[in-house]
Protein chains: 4
Amino acid sequence: MSAEPSSVPPASSPSAPRYGVWLVGARGSVATTAVVGCAAVAAGLHPPTGMVTETPDFATSGLPPLASLVFGGHDTVDCPLPKRAEHLAEGGVLPHGLPAAVHAELVAADREIRPGGPTLRDADAVPARTDDDWIDVFAADIRDFADRNGLAGVVVVNVASTEPAPAAGALPPSSLYAAAALRAGCGYVNFTPSTGLHHPALAELAASAGVPYAGRDGKTGQTLLRSVLGPMFQQRALAVRAWSGTNLLGGGDGAALADPAAAAAKNAGKERVLADTLGTAPEGEVHIDDVPALGDWKTAWDHIAFDGFLGSRMILQTIWQGCDSALAAPLVLDLARLLLRAGQQGITGPLGELGFYFKDPVGDGPASLGEQYTELKRFAARLSDTARPSHDAGDSGAQR
Amino acid sequence: MSAEPSSVPPASSPSAPRYGVWLVGARGSVATTAVVGCAAVAAGLHPPTGMVTETPDFATSGLPPLASLVFGGHDTVDCPLPKRAEHLAEGGVLPHGLPAAVHAELVAADREIRPGGPTLRDADAVPARTDDDWIDVFAADIRDFADRNGLAGVVVVNVASTEPAPAAGALPPSSLYAAAALRAGCGYVNFTPSTGLHHPALAELAASAGVPYAGRDGKTGQTLLRSVLGPMFQQRALAVRAWSGTNLLGGGDGAALADPAAAAAKNAGKERVLADTLGTAPEGEVHIDDVPALGDWKTAWDHIAFDGFLGSRMILQTIWQGCDSALAAPLVLDLARLLLRAGQQGITGPLGELGFYFKDPVGDGPASLGEQYTELKRFAARLSDTARPSHDAGDSGAQR
Amino acid sequence: MSAEPSSVPPASSPSAPRYGVWLVGARGSVATTAVVGCAAVAAGLHPPTGMVTETPDFATSGLPPLASLVFGGHDTVDCPLPKRAEHLAEGGVLPHGLPAAVHAELVAADREIRPGGPTLRDADAVPARTDDDWIDVFAADIRDFADRNGLAGVVVVNVASTEPAPAAGALPPSSLYAAAALRAGCGYVNFTPSTGLHHPALAELAASAGVPYAGRDGKTGQTLLRSVLGPMFQQRALAVRAWSGTNLLGGGDGAALADPAAAAAKNAGKERVLADTLGTAPEGEVHIDDVPALGDWKTAWDHIAFDGFLGSRMILQTIWQGCDSALAAPLVLDLARLLLRAGQQGITGPLGELGFYFKDPVGDGPASLGEQYTELKRFAARLSDTARPSHDAGDSGAQR
Amino acid sequence: MSAEPSSVPPASSPSAPRYGVWLVGARGSVATTAVVGCAAVAAGLHPPTGMVTETPDFATSGLPPLASLVFGGHDTVDCPLPKRAEHLAEGGVLPHGLPAAVHAELVAADREIRPGGPTLRDADAVPARTDDDWIDVFAADIRDFADRNGLAGVVVVNVASTEPAPAAGALPPSSLYAAAALRAGCGYVNFTPSTGLHHPALAELAASAGVPYAGRDGKTGQTLLRSVLGPMFQQRALAVRAWSGTNLLGGGDGAALADPAAAAAKNAGKERVLADTLGTAPEGEVHIDDVPALGDWKTAWDHIAFDGFLGSRMILQTIWQGCDSALAAPLVLDLARLLLRAGQQGITGPLGELGFYFKDPVGDGPASLGEQYTELKRFAARLSDTARPSHDAGDSGAQR
Ligand SMILES: NC(=O)c1ccc[n+]([C@@H]2O[C@H](COP(=O)([O-])OP(=O)(O)OC[C@H]3O[C@@H](n4cnc5c(N)ncnc54)[C@H](O)[C@@H]3O)[C@@H](O)[C@H]2O)c1
Ligand SMILES: NC(=O)c1ccc[n+]([C@@H]2O[C@H](COP(=O)([O-])OP(=O)(O)OC[C@H]3O[C@@H](n4cnc5c(N)ncnc54)[C@H](O)[C@@H]3O)[C@@H](O)[C@H]2O)c1
Ligand SMILES: NC(=O)c1ccc[n+]([C@@H]2O[C@H](COP(=O)([O-])OP(=O)(O)OC[C@H]3O[C@@H](n4cnc5c(N)ncnc54)[C@H](O)[C@@H]3O)[C@@H](O)[C@H]2O)c1
Ligand SMILES: NC(=O)c1ccc[n+]([C@@H]2O[C@H](COP(=O)([O-])OP(=O)(O)OC[C@H]3O[C@@H](n4cnc5c(N)ncnc54)[C@H](O)[C@@H]3O)[C@@H](O)[C@H]2O)c1
Ligand code: NA
Ligand code: NA
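Residues numbered from 1 in each chain as written. Chains lettered and ligands numbered in written order. Predicted model: local features only at pLDDT ≥ 70, side-chain atom pairs only at ≥ 80, totals over all residues. Heavy atoms only, no water.

Chain A is annotated in an unreviewed UniProt entry as Myo-inositol-1-phosphate synthase of Actinospica acidiphila. Under the heading Sequence similarities (unreviewed entry), UniProt records this for chain A: "Belongs to the myo-inositol 1-phosphate synthase family." (UniProt positions renumbered as here; feature names shortened; annotations may be inferred.)

Right, here's the structure in full:
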């Protein structure tokens, strides 16, 4: 499936190492698009548009080739992946014909998906599973995946539905999965606004785990824009008075965010970007409306009222019409490769250098996209550091 | 020029040095707004919104205080500056009451405006003035201004109407003014897309003049946006397929740009920004429509068609509604101060570090606003360099 | 104050009849703009832009001239009208200089404003006023106004802050005022979404009162647009799937509508227009955000997803940027004149023919603006009916 | 042509009359979409969204059923219709799978397409064909079509590329086709802005031909909107100061309109709608940009600057994103059916009642869409007139 012409054994040859990408929410739009897209790009069917790790700055970073990635994951629904991909093609998210072209890869990934939880049914089970039971089960699933496939490393990526903010104390599902990733010795990426590793009960574990992790909440549309427009106003000393926004979206994400508690989690990240780039939080609200008629397509409207010289009142409006899954999936692939390689290189702990990808990044990096991009390129160089010996892949997670 | 009632010697006291800002197009909207705004901010009537040189990064750059600036210039019309300011207040460009509050400063600047040219009437004069005659007259006007006011330095800023691209060989008016600035030993800023110093006949003169210069064409609205959005698409590896734009504006600039030849000059700069930030020029045209009903307010609509992962088609649209003069005037003040200080510090030649301000900057700097901002801050630090002795102001132009 | 050249006694001569406009919410933006605008147009200072009753179709309807209108009203705040008008000029709602030019008329109206209620303070009064007490006091204020000014008729127009939907049973303030209008024998217009006459307890009274009335909620921006766009989709057999909207506004109305209960009242009317013109209610929500930075200016964004032939997905977006008070005030003047004339002509009961003006009109008229306009012109003709004797003005309300 | 499996005689059974639709530009996007859509709706594969003649008001008009329509036409290119349809499906104009589902109907229509002209090659032919020769050839093609298929009537619809405005005197191709329609005794619809029957040399012929005709230029997007927004401003007495617009489109129509002469023809119709509905032509230009990246999808942005009460400046912007062919095709089917039925009923001459469909309608009807819709419904009733004897279909063109 490799598109790289090569006389040495190709990445997908039996002898070349293979790496695992464990998707929490593996039957969702983002996950399915990532699986389809990885296969399509690896096979040379499509250019790697939207994948930053395929640009020249990453050529010598030693990232695992796309063709070396093996997918699995957890989900609470059981729609087969090939069928899910067909739905996405009907909705215009995937090109017609592509699900058929990568059918084998979809079937392979589908076989590696295990039941997630806790679901409503689980709540009635007797005896009830404890949090620790759940973490054990999830971690075992991940380790089995690594063993069965002889993987040189595994990264866990959360792309499950956005959770409501959890009740104080309780570990929400996203945190159970995050803990399972650590228990299995895997790097972890939280692509959603859910709690994940950001839970007080996991702080100590995260600090001592010896794996790299990154998050929170992929920055793909309105917030991506805000991370370049905010700095523009600040650099030009223009006074932003009010920044208002409305997002219309359908699909699974739209339905999940129709829950005000889930939407609140999402909005916190959006507002953080503004406050961080402008130095102060302007007036204005953000709405997220579930509009099933739009399917997986999103429209985001932003209205920015700002003052110029001598108090003149000006307005910028932006309208972003994009397909969220198509924006998110290449970033998921980027992040998986970066974390896998970081793990190999012995880089552990929070990866603040990946702020480029997130609304609410771990660490203390800059908030403007331009500076985040500079940091990302620096990280790319660090990954390829030839001075220090690369760790044996066997050390980097999901291994005995 | 200070409006602060004070018994101690004000910033503009006889003993403090004063600096000249010579505006070509001195009765235009941008020029008038700059004169009014400088007085208003110096007097504490308005905050310096939109003036980058008033942000903390410039605090130790040794820039001339706003209250030390003295205005004069050339224009081919003779509407008195106080009346021009009243018109701008009626059009909502200046706050009501402000022209009256800074009436003294407007009258003072008005007294320092000399007839520009060549006008149609000049074409019939016998004997006809040669280019060299014109340059001499303009240079003498500038030197007189410096002498009469005992100025420690003068910078010439072109804010006259955009010219059509000149016939091969001929020196257009903007180039006559630029040559006069050099002849008078003054720094020069071309805030318009007109030729100015970019004329082959002036290349040698510019190289040997020993003054700093900067340009071309202030970046205030649609192009400002493009200089942050272009890099965003490039950094995210998204493929821009078409970038189309329409600008609606009235006022003097709208009328001038209704001439297709003038609009062509303007558009070249806009397109350069896209090609430089995207690495390739996408499909799409730019229109500039004269809509007198909008007065000095501009609406700029941009429509960007781009491809995401797996060929998905997405669209970003932006609508910018701003007052061009209010966006341009603080930048004119910034540039005047930066060039005056550069002259003092003995910095000469093209100032590529000021690409932040221009659509089509001199030199080879970066095209993304974020990187240009970094360069600007580096330049601010260089201006304050305490290591090297500051030159005597008397050296820095328009002086005997 | 009349601008009509005339040899017969001008409308405002002592002998010509004068008519009263009693504004509930008399110190608000809409009310103040109506008072200023009536004076300005009557004096020939401004053309009657936005006043439908000044178009030729109404020339022979016998409407009271603008110069014959006398203003008064209730309000719960006491900012003097001239000062309120100055604030509106500072906010760009009224032209600078206009409040000064019509100062006399503002002072005159200010003198006729009486304390409204019930306010929080009233709640503590001992003994507490009953609903009937309130109605009596309000009705007496209106009758005094008519007597003192020798008015030939009075119309009451509700332009007070939008109320939250009232508790079951209780008469909200808007209903107390509406009942007072009936008790005083005056026509009544509800320009707001508040309850007014739409209260079960007032149904019988309204039916027997023998006065004309109209409402609810002036149609000035987003809903005006919807009333022409909805019919377009329906006439073209295009299937609207989702109609979403966001309104950003500041000013007093913005603050009042920040209360979700008040916003809910407002939105009901907006949605009725869609359901009535499309034949079915599409998906989609409407948001009203209070954005103080916008002052009395409103931005309304609408996003309409519709299907064309063979299921093709299309989108229309509209962005309306208007000054609500400037849109509402001429309609308030129109309605006052139409109701005064209707009263004179003995036309009583709900005026369904005025659906052109309202989001949620009384009666069963058409929902498309075009058909409503046709009805309005028919009503204009009916008012001028010369066949039937005009009633003596003395009959038409606010009289002993 | 019916896809309904049925044992009873289908609508297109040998005994039921069949009607011809002769498309000039038969291999274009609009034509192909009309052929595909007619088959799809007739077969019950899609609802008749966008077809006004399928709404209840037309139920008793006696229109020919969709299943009774037979397609043929002229074109100058020879891309087979099934292939053209596949291209449209790839571009998202037609649903995937639909071209295959109606393959038989596409093949049938393809067989009835004859070479159009004059092409560049024809210009070199010796001896050169005269205008009259061309008309004869075209008319013969149409008559053959009618005979071969035993049609009860034929209508000619021009959906060929927009022509540049013709040189004085010369008959442009669209007029040759129009004359051929008359010569063949067929009704004629000009769905484009090309000259067609609007040529002085054809005036007499048109007057005496005894067939119905309609045109010019289908009203599908920006102009459709203008025909409801213009009346809104006029009815509300709001003063439109400037109406500016930009259209971005790709596809064949985009390429044709990249020719300024063709665009000028198109824009004339757009401006007529504004002048007719507003009573005066506002400031502002219209641009049509060819943006191949958009394919058959169009974005139209309109910016309307208007004055409200007391000179307040307001703005409405609209953004229309539609698929032109999907908007046009159902109207082409509507018009074909209406003209066929009109011919049957002996209605001849210019059909001003069809202004609803056109930018620049024949006759003197109203310009607002609402009133045009009322006229259309009246015409629908007239068609079903049972009082007067229906003409024998054999009289109504393309016979003998
Ligand atoms: N697409 C973007 O641009 C973008 C950007 C940032 C963040 N995100 C986030 O990515 C996530 C996924 O988005 P999507 O569009 O794919 O949503 P989706 O609804 O299509 O998929 C979510 C999947 O998660 C599964 N799931 C729910 N609860 C689970 C659990 N407890 N355990 C395992 N699986 C569970 C669901 O069954 C579903 O298959 C969302 O949280 C979204 O907010 C997306
Ligand atoms: N405002 C912005 O945001 C912005 C941004 C970039 C560039 N610019 C440029 O700044 C310039 C000024 O814009 P403006 O809005 O003030 O225009 P304006 O029409 O209000 O003013 C231009 C002035 O130049 C004068 N002028 C014309 N020819 C002259 C000559 N030969 N000699 C001397 N004076 C002459 C005119 O009489 C007029 O007073 C334009 O070239 C514009 O393109 C403006
Ligand atoms: N402007 C528009 O386009 C528009 C359109 C439709 C409806 N409306 C409605 O018109 C009303 C007025 O809008 P505005 O912008 O003038 O608001 P505003 O806040 O400026 O004025 C409302 C006035 O009502 C007064 N008020 C409040 N409670 C009262 C009471 N119990 N008795 C008497 N007065 C009372 C307030 O003190 C204030 O002066 C609102 O309900 C608004 O929703 C406005
Ligand atoms: N789609 C709309 O919404 C809409 C609205 C109004 C008007 N129209 C008009 O409809 C026409 C067709 O649009 P389209 O998108 O189908 O364009 P298109 O380019 O896809 O098709 C035009 C067809 O006409 C053919 N043609 C050109 N010259 C010819 C000639 N002399 N004789 C016969 N055929 C000839 C071309 O070969 C082509 O197949 C255009 O004039 C367009 O302006 C379209
Ligand atoms: Na940047
Ligand atoms: Na209408």
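## Quick look at the domain arrangement of chain A
Interface size is commonly expressed as the accessible surface area that is lost when the partners come together. Residues and elements named next belong to chain A. Here the domain parsing of chain A yields domain 1 (19-218 + 326-395) and domain 2 (222-322). The C-alpha-based centres of domain 1 and domain 2 are spaced at 26 Å. Across the contact, 20 residues belong to domain 1 and 23 residues belong to domain 2. With both sides pooled, the region where domain 1 packs onto domain 2 buries about 1500 Å², and carbon together with sulfur makes up 62% of that total. Inspection of the region where domain 1 meets domain 2 yields one salt bridge. (Domains from an automatic or database assignment. Contact = heavy atoms within 4.5 Å. Buried area = accessible area lost by both parts, 1.4 Å probe. Salt bridge = Lys/Arg side-chain N within 4 Å of Asp/Glu carboxyl O.)

## Section: the site of ligand 2
All names here are of chain B. The environment of ligand 2 is formed by 28 residues, the closest being D75, A160, Y177, T220 and K266. Coverage of ligand 2 by the protein chains reaches 91% of its 840 Å² of free accessible surface. The leading source of residues in the shell around ligand 2 is helix 12 (residues 324-344), at three residues. Split by domain, the residues of the shell around ligand 2 number at least three in each of domain 1 (19-218 + 326-395) and domain 2 (222-323). (Near = heavy atom within 4 Å. Areas by Shrake-Rupley, 256 points an atom, 1.4 Å probe, with all protein chains shown as cover. Helix = DSSP H or I, 4+ residues; strand = E, 2+ residues; numbered from the N terminus.)

## Regarding the relation of the copies chain A and chain B
Overlaying chain A with chain B gives an RMSD of 0.0 Å, the required rotation being 180° about an axis along which the chain moves by 0.0 Å. Accordingly, the operation relating the two chain copies is best matched by a two-fold axis. The C-alpha atom lying nearest the rotation axis in chain A is that of T318 of chain A; the distance is 2.2 Å. Comparing contact sets, 100% of the residues at the interface of chain A also lie at the interface in chain B, consistent with an isologous, same-surface contact. (Least-squares fit on C-alpha atoms with pLDDT ≥ 70 in both.)

## Notes on the interface of chain A and chain B
Contacts between the two partners involve 58 residues from chain A, matched on the other side by 58 residues from chain B. The junction of chain A with chain B conceals about 4400 Å² of combined surface from both sides, 69% of it contributed by carbon and sulfur atoms. A per-residue breakdown of the area chain A buries against chain B is headed by R236, F309 and L310 of chain A, which together make up 22% of the total. Between the two partners, chain A and chain B, sit zero salt bridges. Taken together, the elements giving at least two residues each to the side of chain A that touches chain B come down to helix 1 (29-42), helix 9 (222-235), strand 9 (297-307), strand 10 (313-323), helix 12 (324-344) and helix 13 (369-383) of chain A. Looking at which element gives the most residues to the side of chain A that touches chain B, the answer is strand 10 of chain A, with 11 residues. Its residues assigned to classes, the side of chain A that touches chain B comprises 37 nonpolar, 17 polar and four charged. Judged from the seven bridges that link them, strand 10 of chain A and strand 10 (residues 313-323) of chain B form a sheet pairing that is antiparallel. In the strand pairing of strand 10 of chain B, I319 of chain A is matched with Q317 of chain B. (Nonpolar A, V, L, I, M, F, W, Y, C, P; charged D, E, K, R; others polar. Pairing = 2+ DSSP bridges.)

## A few points about the site of ligand 1
Residues and elements named next belong to chain A. Neighbouring ligand 1 are 30 residues; D75, A160, Y177, T220 and K266 lie closest to it. Between ligand 1 and V30, the relevant distance is 2.9 Å, taken from an oxygen atom to a main-chain nitrogen or oxygen of the residue. In the environment of ligand 1, an oxygen atom lies 2.7 Å from a nitrogen or oxygen atom belonging to the side chain of T220. Within the complex, 91% of the 850 Å² of free accessible area of ligand 1 lies under protein. Among the secondary structure elements, those contributing two or more residues to the shell around ligand 1 are helix 1, strand 2 (69-75), helix 7 (173-183), helix 10 (251-257) and helix 12. Per-element tally for the shell around ligand 1: the top contributor is helix 12, with three residues. When its residues are assigned to classes, the shell around ligand 1 shows nine nonpolar, 13 polar and eight charged. For the shell around ligand 1, the domains that each give at least three residues are domain 1 (19-218 + 326-395) and domain 2 (222-322). (Polar contact = N/O pair within 3.5 Å; in protein donor to acceptor, adjacent residues only side chain to side chain.)

## Looking at the sheet that holds strand 5 (residues 187-190) of chain D
All names here are of chain D. Reading across the sheet, the seven strands line up as 3-2-1-4-5-6-11 and stay open at both edges, with parallel pairing between neighbours. Each edge of the open sheet is held by one strand with a lone partner, namely strand 3 (113-115) and strand 11 (349-350). As paired strands, strand 5 and strand 6 (residues 212-215) are joined by three bridges and run parallel to one another. Looking at the pairing, V189 lines up with A214 of strand 6. Sheet strands in contact with helix 4 (residues 103-111) are strand 2 (69-75) and strand 3, and its direction is about 35° off that of strand 3. (Axes fitted to C-alpha atoms, helices over the stretch in contact; angles between N-to-C directions.)

## With respect to the UniProt feature "domain: Myo-inositol-1-phosphate synthase GAPDH-like" (unreviewed entry) in chain A
The residues that UniProt annotates with the feature "domain: Myo-inositol-1-phosphate synthase GAPDH-like" (unreviewed entry) are residues 221-325 of chain A. Secondary structure across residues 221-325 of chain A comprises 40% helix and 36% strand; the distance between its end C-alpha atoms is 11 Å.

## Things to note about the interface of chain C and chain A
The interface of chain C with chain A comprises 23 residues on the first partner and 23 residues on the second. For the pair chain C and chain A, the two sides together bury roughly 2000 Å², of which 57% comes from carbon and sulfur. At the boundary of chain C and chain A, one finds 10 residue pairs in polar contact (both at pLDDT 80 or more). If you list the elements that add at least two residues to the side of chain C that touches chain A, you get strand 7 (239-249), strand 8 (286-290), strand 9 (297-307) and strand 10 (313-323) of chain C. Looking at the side of chain C that touches chain A, its residues break down into 10 nonpolar, seven polar and six charged.

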